[in-house]
Amino acid sequence: MPAFICITCGTQYPPSDTPPSACPICQDERQYVNLLGQSWTTLQAMRRTHFNAFRQHEPDLIGIGTTPAFAIAQRALLVRTQHGNILWDCVSFIDDATIAIVRALGGIAGIAISHPHYYSSMIEWSHAFDGAPIHLHARDRQWVMRPDPVVQFWDGPSKQIVPGVTLLHCPGHFAGAQVLHWAAGAGGKGALLSGDIVQVGWDRKVSFMRSYPDLIPLDRSSVEHIAAVLDPWPFKPIYGAWWDRILPADGKAVMKYSVQRYINAITAPPRD
């Protein structure tokens, strides 16, 4: 039986004879149902039209993204470490070529995903790499549309997956939203892999939203909490969710400035 994939958000559902009646991820206020109606595809169909591209962002950090763009069009990041590689975030598409390339790069020892919009085909990826554990925050348990024993829920403020690779709980966009701190990034100065929990903007500052497509801002307390969580952790670059959403340096200073800019924008009196 095929495992159907929502065309709008990219979430894969358990194998079934017929597609699900709806996609709860898209029905949530942070996403949307396609104006043309709920539509589905499968990996088998996508393998006739899509492939994955790879880009090295810095030593031991490889981007993986699908072309032509699919669903939300995020790209994943493969963090290579001497303790095993970690796949950060995920994409819906995977094929034999992708598996062969990633295995040549050292395979995948674990998977971690920032929030439910990027859960995509995470179970398919895990099964392709010997059941690599998927580390998700427990507060997003309800959004796992394809349950599987490989999913490992954690709770609390932080979790070290392997030495030097740590998940930080930053609730706001979702209750279980998480970012990844990579201590060896930027030549040992540290890097933040943020998905769109901390969104890199076109002006090379960062911002925050409850819903990006529906333009719902995040509340002040959540933004201040995210800033407090990240404050003790050193990092220079911030890697967002898409190929071109990268802040190459000065991440700490930009974070401090951007948080204050955001708070000023949502609390300042109306302007003429």
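None of these values were measured; they are calculated from a predicted model.

## What to know about the overall build of the chain
Consideration 1: Counting its regular elements, the chain contains seven helices and 19 strands.
Consideration 2: Computed over its C-alpha atoms, the radius of gyration of the chain comes to 18 Å, within 12% of the 19 Å expected for a compact globule of 272 residues.
Consideration 3: In terms of overall dimensions, the chain has a C-alpha envelope of 55 × 45 × 35 Å along the principal axes.
Consideration 4: Expressed as a percentage of its 272 residues, the buried residues of the chain come to 54%.
Consideration 5: Pairs at least 24 apart in sequence give 57% of the contacts found in the chain among residues at least 6 apart.
Consideration 6: Split by element, the accessible area of the chain, about 11800 Å² in all, is 54% carbon and sulfur.
Consideration 7: Across the chain, the 22 positively charged side chains and the 22 negatively charged ones have centroids separated by 5 Å.

## A short note on the packing of aromatic side chains
Consideration 1: As enumerated under the stated definition, the model contains four aromatic pairs in all.
Consideration 2: Here the aromatic rings of W125 and F129 are separated by 6.3 Å at their centres, their planes lie at 20 degrees, and the arrangement is stacked.
Consideration 3: Classification of W125 as buried rests on a relative accessible area of 0%.
Consideration 4: Judged by relative accessible area, which is 2%, F129 ranks as buried.
Consideration 5: Between F208 and Y262, the aromatic rings sit 5.7 Å apart at their centres with planes inclined by 85 degrees, giving edge-to-face as the arrangement. Here Y262 lies in helix α7 (residues 251–267) and F208 lies in the loop between β15 (206–207) and β16 (209–211), a separation of 54 residues in the sequence.
Consideration 6: In this structure F208 comes out as buried when scored by relative accessible area, which is 0%.
Consideration 7: Of the residues examined, Y262 reaches a relative accessible area of 7% and is grouped as buried.
Consideration 8: Here the basic side chain of R141 rests over the ring of F153, its NZ or CZ set 4.1 Å away from the ring centre.
Consideration 9: Seen from the ring of W202, R245 lies directly overhead, with NZ or CZ sitting 4.1 Å from the centre.

## Points about helix α3 (residues 96–104)
For an α-helix, 3.6 residues make a turn, and residues three or four places apart therefore share a direction.
Consideration 1: Within α3, burial applies to T98, I99 and V102. With its buried residues spanning 100 degrees around the axis, α3 presents them on a single face. Those residues of α3 that are exposed and angled more than 90 degrees off the buried face are D96 and A104.
Consideration 2: The elements touched by buried residues of α3 are β3 (51–58), β4 (61–67), β5 (76–79) and α4 (122–128).

## Observations concerning the pairing of β4
Note on strand geometry: in a regular strand, side chains alternate between the two faces of the sheet.
Consideration 1: In terms of burial, β4 is a largely internal element, six of the seven residues being buried.
Consideration 2: Direction of pairing for β3 relative to β4: antiparallel, over a ladder of seven bridges. Note on β4: the bridge partner recorded for R55 is G63.
Consideration 3: Here β3 hands over to β4 after two residues, with D60 in that stretch at a positive phi of 70 degrees.
Consideration 4: In this structure, β4 lies alongside β5, joined through four bridges in antiparallel fashion.

## So, the sheet that holds β3
Consideration 1: Taking strand neighbours across the sheet as the criterion, the seven strands line up as β3-β4-β5-β6-β7-β8-β9 in an open arrangement whose pairing is mixed. The sheet is open, and its two borders are formed by β3 and β9 (151–154), each paired with just one other strand. Looking at each pair of strands side by side, their axes are set apart by 25 degrees on average, direction ignored.
Consideration 2: The strands touched by α3 within the sheet are β3, β4 and β5, with β3 carrying the most contacts at an inclination of about 25 degrees.

## Considerations on unusual backbone geometry
Consideration 1: Cis peptide bonds are those with omega within 30 degrees of zero, and the linkage from T67 to P68 qualifies with -10 degrees.
Consideration 2: One can find P68 in the loop between β4 and β5.
Consideration 3: Phi at L215 is positive, roughly 60 degrees, even though this residue is not glycine.
Consideration 4: Note that L215 resides in the loop between β16 and β17 (216–217).

## What to know about the side chain of S211
Consideration 1: Position of S211 among the secondary structure elements: in strand β16.
Consideration 2: Discounting chain neighbours no more than four positions away, the residues touching S211 are E29, R30, H173 and I216.

## Section: the nonpolar core
Consideration 1: With 67 residues, the main nonpolar core has M122, W125, F208 and L230 as its most contacted residues.
Consideration 2: Per-element tally for this core: the top contributor is α7, with five residues.
Consideration 3: Not counting chain neighbours up to four residues away, the residues in contact with L230 comprise L168, C170, V179, L192, V198, F235, K252 and M255.
Consideration 4: W154, I161, L180 and L193 belong to the second-largest nonpolar core, a separate cluster that totals 17 residues.

What counts, and at which threshold
- Numbering of residues starts from 1 in each chain and follows the order in which that chain's sequence is written.
- Per-residue local features are limited, in this predicted model, to residues with pLDDT of at least 70; the limit for side-chain atom pairs, both in listing and counting, is 80 or more; totals at the level of whole chains, interfaces and linings are taken over all residues.
- With hydrogens and water set aside, each side-chain value is computed from the structure's full complement of heavy atoms.
- Each helix is a run of H or I in the DSSP string that is no shorter than four residues. Each strand is a run of E no shorter than two, and both are numbered from the N terminus.
- Between the two quantities, the radius of gyration covers C-alpha atoms and the globule rule is 2.2 Å times the number of residues to the power 0.38.
- Here's how the labels work: a residue is buried when its accessible area is under 20% of the maximum for its type, exposed when over 50%, partly exposed in between, all with a 1.4 Å probe on protein chains only.
- Any pair of residues with heavy atoms lying within 4.5 Å of one another is described as a contacting pair.
- The Shrake-Rupley method, run with a 1.4 Å probe sphere, supplies the accessible areas, and residue values consider only the shown protein chains as cover.
- Neither His nor the chain ends is counted toward charge; the positive residues are Lys and Arg and the negative residues Asp and Glu.
- Charge placement uses NZ in Lys and CZ in Arg. For Asp and Glu, CG and CD serve respectively.
- Note on aromatic pairs: the rings of Phe, Tyr and Trp (six-membered ring only in Trp) are paired at centre separations within 6.5 Å, and the planes decide the class, stacked below 30 degrees, edge-to-face beyond 60, tilted for the rest.
- To sit over a ring, a charge needs its Lys NZ or Arg CZ within 6 Å of the ring centre and within 35 degrees of the ring normal.
- The directions considered for the arc are those from the helix axis to the C-beta atoms.
- Any two strands between which DSSP finds at least two bridges are classified as paired.
- Between the N-to-C directions of two axes lies an angle of 0 to 180 degrees, each axis being a line fitted to C-alpha atoms and, for a helix, fitted only over the stretch in contact.
- The term nonpolar core refers to a set of buried residues drawn from Ala, Val, Leu, Ile, Met, Phe, Trp, Tyr and Cys, joined through side-chain atoms within 4.5 Å.

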